[in-house]
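Topology and contacts: notes
In case you want the letters, here they are:
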Amino acid sequence: MTRLILLLGDQLSPSISALDGADPADTVILIAEVLGEATYVPHHRRKIAFLFSAMRHFAEELREAGWRVDYVTLDDPGNSGSLAGEVERAIVRHRAQLLTVTEAGEWRLKQEMDGWQHRFGISVTILPDPRFIASHEEFATWAEGRKSLRMEYFYREMRRKTGLLMRGDEPEGGQWNFDADNRKPASADLFMPRPLRHAPDTITQEVVALVAARFPDNFGSLDDFWYAVTAEQAEASFRHFLKVALPRFGDFQDAMLKGEPFLYHAVVSAYLNCGLLDPLAMCRAVEVEYHAGRAPLNAVEGFIRQIIGWREYVRGIYWREGPDYAHRNALDARRPLPGFYWSAKTRMACVRAAVEQTRDHAYAHHIQRLMVTGTFALLAGVDPHELHQWYLAVYIDAYEWVELPNTVGMSQYADGGLLASKPYAASGAYIDRMSDYCGSCAYSVSAKTGAKACPFNLLYWDFIARHGDRFRKHPRMAQMVRTWDRMDERKQAIIRAESAALLDRIETL
Ligand code: SF4
């Protein structure tokens, strides 16, 4: 009896549950490059190339380990273009009577897979994905009956569960969270480490050529491809981060600098999210650096919180809230996404820098995503679903389970405060404090009104005015609403009029 095991592009781990207990003698592993998965949003070309190359390398490793792998390339003449179509063809090809998969990372595929047993008429087993630290049930139990679902409390549970940075029942260093130490602005004279670069081998070169030919109009550069595409390379990249960047990762994790897309960030989220790295093993390795005296607690705690706290928490929210979470729009934001999110043609230096490096590397760090492109969209009232599709398309590490709550909940407050305790609305002063962008901007960060006024300044107050009724009693927003309410009426009128004019010509900002 032949068992077919389907592995998805973000399931590139030898320990993936679909392989548990399988016997290479009666098993065929199916891995397929399909147009449907590459195009349901218009993915960045570097992201497609990264994933296809990582999938091809993983298939090679499985073959070397003795597995029979049926790998369908995008340009296979028989390729049906959809995951279900490829599963169906493989069932026929191999006369498979059983199909095993590890659960998918998004509702779209989960709903499709739930119908496969009926559709294909064979036994289909869908297994949980234990590469995550919290199961769906654990998250549901934690969330049950809570008035608010704040990440911090979930994170503490995960610290206790894993024992990471714990001294008995107490957190290492006497506190759970050292985020207050992690907000230093960077200065251009700091030594800047760089992520480890990996020269593309023949497989990657072939994939890059394929993507260039098949996706000529997609966003993003394929030039100078340097990402890791195997577990071994990804591990080397992570070890490189531990050595050269982790000690200062905490201090400068919110900083932004012109021409420095990576600063002290690990730039391993793409590897982690497709399965080339293991989250718990990474956290244990980071903890070792602390105990060996090679990295300070604020850096180590900040990194571990991102992995066992934030990453697990947003996954929990994603599955708990259901497929309609993607369409929440609590602030009724309806503006189309401005074209400069794709073209980088804007005089706003901060947005231009974020989009340019996104185009070049399919990467921007969390503050660029949250406080530059995210905050601008929030202030301008951009439709959160459009913005969600943009983030999902352009970032190499973006899968819906992680990207959607970050966009809809954290960045756009479109879930009405389920995830974030307040909207991430800010004027240009925040960007000025944390970056060196404003000095070379066509706008003046100190100007509140007038032709040179920083758009973030004008739109910040316009946002407060537009949503004043909603936030007048909000514990963390009421003070700003009161400040607006007390503002001179003439000044209010100027801000509202200039903001309206600015939004009318948003494409030319
Ligand atoms: Fe961005 Fe405003 Fe600073 Fe220009 S002045 S870089 S738009 S924050």
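Residues numbered from 1 in each chain as written. Predicted model: local features only at pLDDT ≥ 70, side-chain atom pairs only at ≥ 80, totals over all residues. Heavy atoms only, no water.

Where an unreviewed UniProt entry is consulted, the protein appears under the name Cryptochrome/photolyase family protein, with the organism given as Sphingomonas lacunae.

**Here's the deal with the packing of aromatic side chains**
Under the definition given, this model contains 36 aromatic pairs. Where F219 meets W342, the ring centres are 5.4 Å apart and the plane angle is 80°; that geometry is what we call edge-to-face. Taken together, the residues F219 in the loop between α8 (202-214) and α9 (231-244) and W342 in helix α14 (residues 340-343) connect sequence positions 123 residues apart. Since its relative accessible area comes to 11%, F219 is described here as buried. Look at W342 and you get partly exposed, because its relative accessible area is 33%. Ring centres of Y460 and W461 lie 5.1 Å apart, and the angle between their planes is 70°; on these two criteria the pair is classed as edge-to-face. In this pair, the class of Y460 matches that of W461, namely buried. In textbook terms, an aromatic cluster arises when at least three aromatic residues are bridged by ring pairs, as seen for F219, F340, Y341, W342, F376, W390, Y391, Y395 and F456. Taking NZ or CZ as reference, K47 lies 5.9 Å from the ring centre of Y399, over its face. (Phe/Tyr/Trp six-rings, centres within 6.5 Å; stacked < 30°, edge-to-face > 60°. Helix = DSSP H or I, 4+ residues; strand = E, 2+ residues; numbered from the N terminus. Buried < 20%, exposed > 50% of the residue type's maximum accessible area, 1.4 Å probe, protein only. Lys NZ or Arg CZ within 6 Å of the ring centre and 35° of its normal.)

**Points about the sheet that holds strand β4 (residues 96-102)**
A sheet is described by the order of its strands in space; here five strands give the open sequence β3-β2-β1-β4-β5, paired in parallel fashion. In this open sheet, the two edge strands, each paired with only one partner strand, are β3 (68-72) and β5 (123-127). For this sheet the average axis-to-axis angle between neighbouring strands, irrespective of direction, equals 25°. Here strand β1 (residues 2-6) runs beside β4; their pairing, made up of five bridges, is parallel. For I5, the partnering residue across the bridge sits in β4 and is T100. (Pairing = 2+ DSSP bridges. Axes fitted to C-alpha atoms, helices over the stretch in contact; angles between N-to-C directions.)

**A look at the domain arrangement of the protein**
Each domain of the protein was delimited in the assignment, giving domain 1 (2-127), domain 2 (136-193 + 245-316) and domain 3 (340-508). A C-alpha centroid distance of 25 Å is found between domain 2 and domain 3. Across the interface of domain 2 and domain 3, roughly 2400 Å² is buried in total on both sides, 63% from carbon and sulfur atoms. Scanning the region where domain 2 abuts domain 3 turns up zero salt bridges. Between domain 2 and domain 3 we count 10 residue pairs in polar contact (both at pLDDT 80 or more) in total. Elements supplying a minimum of two residues to the side of domain 2 that touches domain 3: α11 (269-274) and α13 (297-321). Across the side of domain 2 that touches domain 3, the residue classes break down as 14 nonpolar, four polar and seven charged. (Domains from an automatic or database assignment. Buried area = accessible area lost by both parts, 1.4 Å probe. Salt bridge = Lys/Arg side-chain N within 4 Å of Asp/Glu carboxyl O. Polar contact = N/O pair within 3.5 Å; in protein donor to acceptor, adjacent residues only side chain to side chain. Nonpolar A, V, L, I, M, F, W, Y, C, P; charged D, E, K, R; others polar.)

**Some points on the pairing of β1**
Sheet analysis places β1 next to strand β2 (residues 27-32), joined by four bridges and oriented parallel. Bridge assignment links L6 to a residue of β2, and that residue is L30.

**Brief notes about the state of the cysteines**
Under the counting rule described, the total for this entry stands at zero disulfides. Not part of a disulfide, C283 finds its nearest cysteine sulfur in C274, a span of 17 Å. (Disulfide = S-S within 2.5 Å.)

**Concerning the environment of P261**
Here P261 lies in the loop between α10 (246-249) and α11. In this structure P261 comes out as buried when scored by relative accessible area, which is 14%. Taking the C-alpha atoms as reference points, P261 and V69, 192 residues apart in sequence, are found 38 Å from one another. Setting aside anything within four residues of it in sequence, one finds P261 in contact with Q357, H361, Y363, H365 and Q368. (Contact = heavy atoms within 4.5 Å.)

**Thoughts on the pairing of β2**
Across the six residues that make up β2, a large majority, six, are buried. Going residue by residue along β2, you find T27, I29 and I31 tucked away on one face and V28, L30 and A32 tucked away on the opposite face as well. One ladder, built from five bridges, connects β2 with β3; its direction is parallel. Each bridged residue has a counterpart across the sheet, and for L30 the counterpart in β3 is D70.

**Overview of empty space enclosed by the protein**
Scanning all chains against the criterion turns up five cavities of 30 Å³ or more. Roughly 410 Å³ of volume is contained in the largest cavity. For the lining of the largest cavity, the secondary structure elements donating two or more residues are α1 (35-39), α2 (45-64), α4 (107-114) and α18 (400-411). Among the elements that make up the lining of the largest cavity, the one with the highest residue count is α2 (five residues). Within the lining of the largest cavity, the residues separate by chemical class into 16 nonpolar, three polar and seven charged. Both of domain 1 (2-127) and domain 3 (340-508) provide at least three residues apiece to the lining of the largest cavity. (1 Å grid on protein atoms, 1.4 Å probe; cavity = no way out; pocket = protein on both sides within 12 Å on 5 of 7 lines; lining within 4 Å. Points joined across faces, edges and corners; volume = space filled by probe spheres on them.)

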